[in-house]
Amino acid sequence: LALVYGDRPFAKHWLYWQDFIGVFNEKNPSGEIVWSATYTQVLTIAAVVSLVVAIKRFVVGLWLSRNTFSHYGDQLARLLKRMVLVSQVA
């Protein structure tokens, strides 16, 4: 949010330092959109939605892993006991 908003050269043109491609430097004016209120709202909404999706993915992953462990935990314990026995025999 801080990088793409405001009146700084990077906010207006991401590749402002190069002269090879004119679309990405001062030859292509960015207008006033990078410091408008609507643009700020769009950026804020995008950041909040991204944060909510990340939290949702974490919670769903935690829930699914707990369910998987509770379902297959006994089988995993037996398998690990067999692996320890095989390693002790070998």
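Residues numbered from 1 in each chain as written. Predicted model: local features only at pLDDT ≥ 70, side-chain atom pairs only at ≥ 80, totals over all residues. Heavy atoms only, no water.

S.K.: Explain the overall build of the protein chain residue by residue, including any values.
M.R.: When helices and strands are tallied, the protein chain shows two helices and zero strands. Here the protein chain, with 90 residues, has 10% of them falling under the buried criterion. Total accessible area on the protein chain stands at roughly 7800 Å², and carbon and sulfur atoms take up 70% of it. (Helix = DSSP H or I, 4+ residues; strand = E, 2+ residues; numbered from the N terminus. Buried < 20%, exposed > 50% of the residue type's maximum accessible area, 1.4 Å probe, protein only. Areas by Shrake-Rupley, 256 points an atom, 1.4 Å probe, with all protein chains shown as cover.)

S.K.: Go over a nonpolar patch on the surface, please, and point to the residues and values.
M.R.: On the surface, a cluster of nonpolar side chains totalling about 500 Å² of accessible area is made up of Leu51, Ile55, Phe58, Val59 and Leu62. Its location among the elements puts Ile55 in helix α2 (residues 37-89). (Patch = residues over 30% accessible without salt bridge, like charges linked within 9 Å, V, L, I, M, F, W, Y side chains within 5 Å. Salt bridge = Lys/Arg side-chain N within 4 Å of Asp/Glu carboxyl O.)

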